[in-house]
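Secondary and tertiary structure notes
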Amino acid sequence: MTRMAATRDGYGQALLDLADNPKVVVLEADLGKSTKSLHFRKAHPERTVSCGIGEQNMLLVGAGLASAGYIPFASTFAIFTERAFEQMRNGVARPNLPVHLCGSHGGTHTGTDGSSAQSIEDLAVFRTLPNVVVMHPCDDVSTRALTMQLPALGQPSYMRTARNKTPVLYDGRENEIQIGKGIVLQDGHDVGIIACGVLVSEAIKAAEQLASQGISACVVDMHTLKPIDGDLIDKLVAQCGALVTAEDHNIIGGLGGAVAEHLVSNTPAPLERVGVQDRFGESGQSDEMLEVMQISAPYIAAAAQRAINRK
Amino acid sequence: MAGEHMSVRIEEIEEMARKCRVEIVKMVYRAQAGHPGGSLSEIDLLAALYATRMRVRPDDPKWADRDRFILSKGHASPGMYAILAEMGFISHEDLKSYRVLGGVCQGHVDMKWCPGVDFSAGSLGMGLSFGMGCAIAAKLDKSDRRAFVMIGDGEMQEGSVWEAAMAAAHHELGNLKVILDRNRIQNDDFCEAQMRMFDIPAKWRSFGWNVKEIDGHNMTEVMEGLDFLEAEENSNGPSILIAHTIKGGGISYMENNPSFHGAAPNEEQFKLAMIELGEAEA
């Protein structure tokens with residue numbers, strides 16, 4: 001039986017693990033119970049700063065702390081990080097201050113709260129900022145492992161986590177997770193499926209469906225969107241000759257955009273992008289949203305077939 | 001440190017400010033761009049602050065336990081650069097790099113480019129939040145260093161200023177000291193025409209701040225105002241010094257003239273400014 005867990009729990013656990021470092025501080029904007037920074041707050045209230053419902057202020061309080069040698073971890077819903085985009089741009093990224101921003105509840109998978117809470121553009125907007133590392137891990141183990149690496153990063157980051165539980169893929173494999181390095185979860189030679197976040201497990205399901213049709217798919221967890229693992233993309237092109245990206249995010253500017261940008265400048269190959277088709281979400285259960293948005297396993301498998309046909 | 005600033009005479013600070021005014025006008029004239037108005041309104045405050053209060057080491061600008069100064073109205077950079085040159089953080093030759101490719105004196109103050117600059121400003125409404133982070137860091141370090149932040153009056157129209165105002169009072173940041181350059185003019189027009197401010201001291205008091213008003217060009221009042229910011233009895237929470245100033249103060253044709261928020265003088269105007277500042281014969 002596959003263990004199920006939410007990536008936000010991996011984030012919360014990592015903050016607790018990082019507390020031994022006295023420079024680690026946590027900033028909250030009234031959503032610590034949701035992003036899971038509350039565990040750190042309970043254990044270390046003296047190093048937790050409530051910024052109220054004020055995301056713009058929170059980002060720059062973090063910048064001030066970082067300028068004095070602290071390592072701030074700020075979190076809120078992914079959608080509300082966007083409200084502080086210019087603070088992230090001008091006050092954090094531009095002076096390259098290592099503030100680590102986590103946006104939980106990202107994507108349409110967030111579910112019944114509806115479109116106002118379903119960020120489908122966070123990965124795209126933060127990817128445009130120089131100096132900022134952008135991540136969207138797929139399970140609690142990799143979320144925890146990536147978060148644990150952030151104090152040594154020395155530059156700002158944005159990480160999207162998800163509200164709802166997804167299959168855990170990396171139990172006992174923490175040591176394989178490294179910022180900037182995609183992970184081949186399943187090898188194959190007909191098509192390469194590159195996924196991130198909640199769609200990684202859907203990509204594995206799609207590969208199973210393709211296998212039943214005699215198609216061999218390679219599945220990659222691209223947990224880091226920036227810097228994108230170009231070497232791995234090149235390898236997939238050489239090995240498979242056709243690619244699919246899959247993300248719970250607008251098809252504009254996210255994982256599909258990042259892979260496409262790499263392809264056009266290096267080794268062009270057919271690419272099909274599975275993602276939210278430039279529209280807003282709506283209220284629904286997580287599994288329903290994957291169908292409504294046409295990003296579940298069958299849609300990934302169909303995209304793989306299209307990509308292969310374009311070879 | 002108590003009483004140390006008394007050794008610097010009022011006349012000396014006024015002369016420092018005069019020299020800075022000369023440099024401000026020269027910088028903007030050379031670049032034929034920039035923001036003289038807000039630089040001239042803030043300069044008496046900056047001169048007094050740096051000459052008598054700031055615990056900094058110009059030969060070690062990144063000294064960890066230094067007081068921080070955050071110029072949130074980052075467009076008023078010529079004033080900041082002039083002070084940094086007076087203090088020895090940068091050379092007077094460096095002032096010629098204002099708005100020039102590769103120069104330490106970027107158009108808006110930038111911590112990545114200029115020694116002595118603690119925050120990369122230029123986008124309004126950000127400095128107070130950053131200063132709050134600096135103040136919290138000082139407390140976590142159990143250091144008595146302070147975070148001084150200068151904001152503008154037009155800047156108070158940015159909503160994030162009030163996020164920070166509320167949060168700094170909630171966290172009782174007695175080491176956060178704000179100076180408001182109340183020069184009454186913003187980019188397009190007088191503040192009162194752009195967005196009425198109503199009772200500014202009452203706004204800050206109601207947010208839980210210690211508040212004092214002064215004439216920002218009267219050096220005796222400026223020193224009293226800085227005493228207020230440093231006073232032990234005001235260490236219970238954040239304090240703001242509301243300094244009433246004159247935009248373009250010190251240059252007759254720039255004073256209270258919205259045109260000189262962001263415009264350079266022409267040759268004739270430059271010569272007149274040098275005469276008014278005592279640098280040239282009439």
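Just so you know, these numbers come straight off a predicted model, no measurement behind them. (Residues numbered from 1 in each chain as written. Chains lettered and ligands numbered in written order. Predicted model: local features only at pLDDT ≥ 70, side-chain atom pairs only at ≥ 80, totals over all residues. Heavy atoms only, no water.)

**A closer look at the domain arrangement of chain A**
Residue and element names in this part refer to chain A. Partitioning chain A into domains gives domain 1 (4-167) and domain 2 (183-309). Taking only C-alpha atoms into account, the centre of domain 1 sits 25 Å from that of domain 2. Taken together, the contact between domain 1 and domain 2 spans 32 residues of the former and 33 residues of the latter. With both sides pooled, the region where domain 1 packs onto domain 2 buries about 2,400 Å², and carbon together with sulfur makes up 58% of that total. Area buried by domain 1 at its contact with domain 2 is led by Thr-108, Ile-120 and Arg-127, which between them contribute 30% of it. Here domain 1 and domain 2 share one salt bridge between them. In this structure, the salt-bridge partner of Arg-127 is Glu-261, at a minimum N-O distance of 2.8 Å. (Domains from an automatic or database assignment. Contact = heavy atoms within 4.5 Å. Buried area = accessible area lost by both parts, 1.4 Å probe. Salt bridge = Lys/Arg side-chain N within 4 Å of Asp/Glu carboxyl O.)

**Considering helix 13 (residues 297-309) of chain A**
All names here are of chain A. Its 13 residues give helix 13 an end-to-end C-alpha distance of 19 Å, which sits within 8% of 18 Å, the value for a rise of 1.5 Å per residue. All of the buried residues along helix 13 are Ala-297, Ile-300, Ala-301, Ala-303, Ala-304 and Ala-307. Projection of helix 13 onto a plane perpendicular to its axis shows the buried side chains occupying an angular sector of 160 degrees, all on one side. (Helix = DSSP H or I, 4+ residues; strand = E, 2+ residues; numbered from the N terminus. Expected span 1.5 Å × (residues − 1). Buried < 20%, exposed > 50% of the residue type's maximum accessible area, 1.4 Å probe, protein only. Arc of directions from axis to C-beta.)

**A look at the state of the cysteines**
What we call a disulfide is simply a covalent bond connecting the sulfur atoms of a pair of cysteines. With the rule as written, the count across this model stands at zero disulfides over all chains. A disulfide-free cysteine, Cys218(A) has its sulfur positioned 5.1 Å from the sulfur of Cys240(A), the nearest such atom. Cys105(B) takes part in no disulfide bond, and the closest cysteine sulfur, belonging to Cys114(B), lies 5.1 Å away. (Disulfide = S-S within 2.5 Å.)

**Examining the pattern of salt bridges**
In the structure shown here, the tally under the stated rule is 34 salt bridges over all chains. For Asp122(A), the salt bridge is made with Arg160(A), and the minimal N-O distance between the two is 2.8 Å. With Asp122(A) in helix 7 (residues 122-127) and Arg160(A) in strand 7 (residues 157-160), the pair connects residues that are 38 residues apart, well separated along the chain. For Arg160(A), a relative accessible area of 0% translates into the label buried. The closest approach of N and O atoms between Arg21(B) and Asp44(B), which form a salt bridge, is 3.0 Å. A residue pair is termed long-range when its members are at least 10 positions apart, and Arg21(B) in helix 1 (residues 10-31) and Asp44(B) in helix 2 (residues 36-52) qualify at 23 residues. Note on accessibility: Arg21(B) and Asp44(B) belong to one class, buried. Salt bridges sharing partners connect three or more residues here, namely Arg53(B), Asp67(B), Arg146(B), Asp227(B) and Glu230(B).

**What to know about the sheet that holds strand 14 (residues 271-276) of chain A**
Residues and elements named next belong to chain A. On the basis of which strands lie adjacent, the open sheet formed by five strands has the order 9-11-10-13-14 and mixed pairing. In this open sheet, the two strands that pair with only one neighbour each are strand 9 (183-186) and strand 14. Taken over all neighbouring pairs, the strand axes of this sheet differ in orientation by 25 degrees on average, direction set aside. Pairing of strand 10 (residues 191-195) with strand 13 (residues 243-250) involves four bridges; the strand directions are parallel. For Ile-194, the partnering residue across the bridge sits in strand 13 and is Thr-245. (Pairing = 2+ DSSP bridges. Axes fitted to C-alpha atoms, helices over the stretch in contact; angles between N-to-C directions.)

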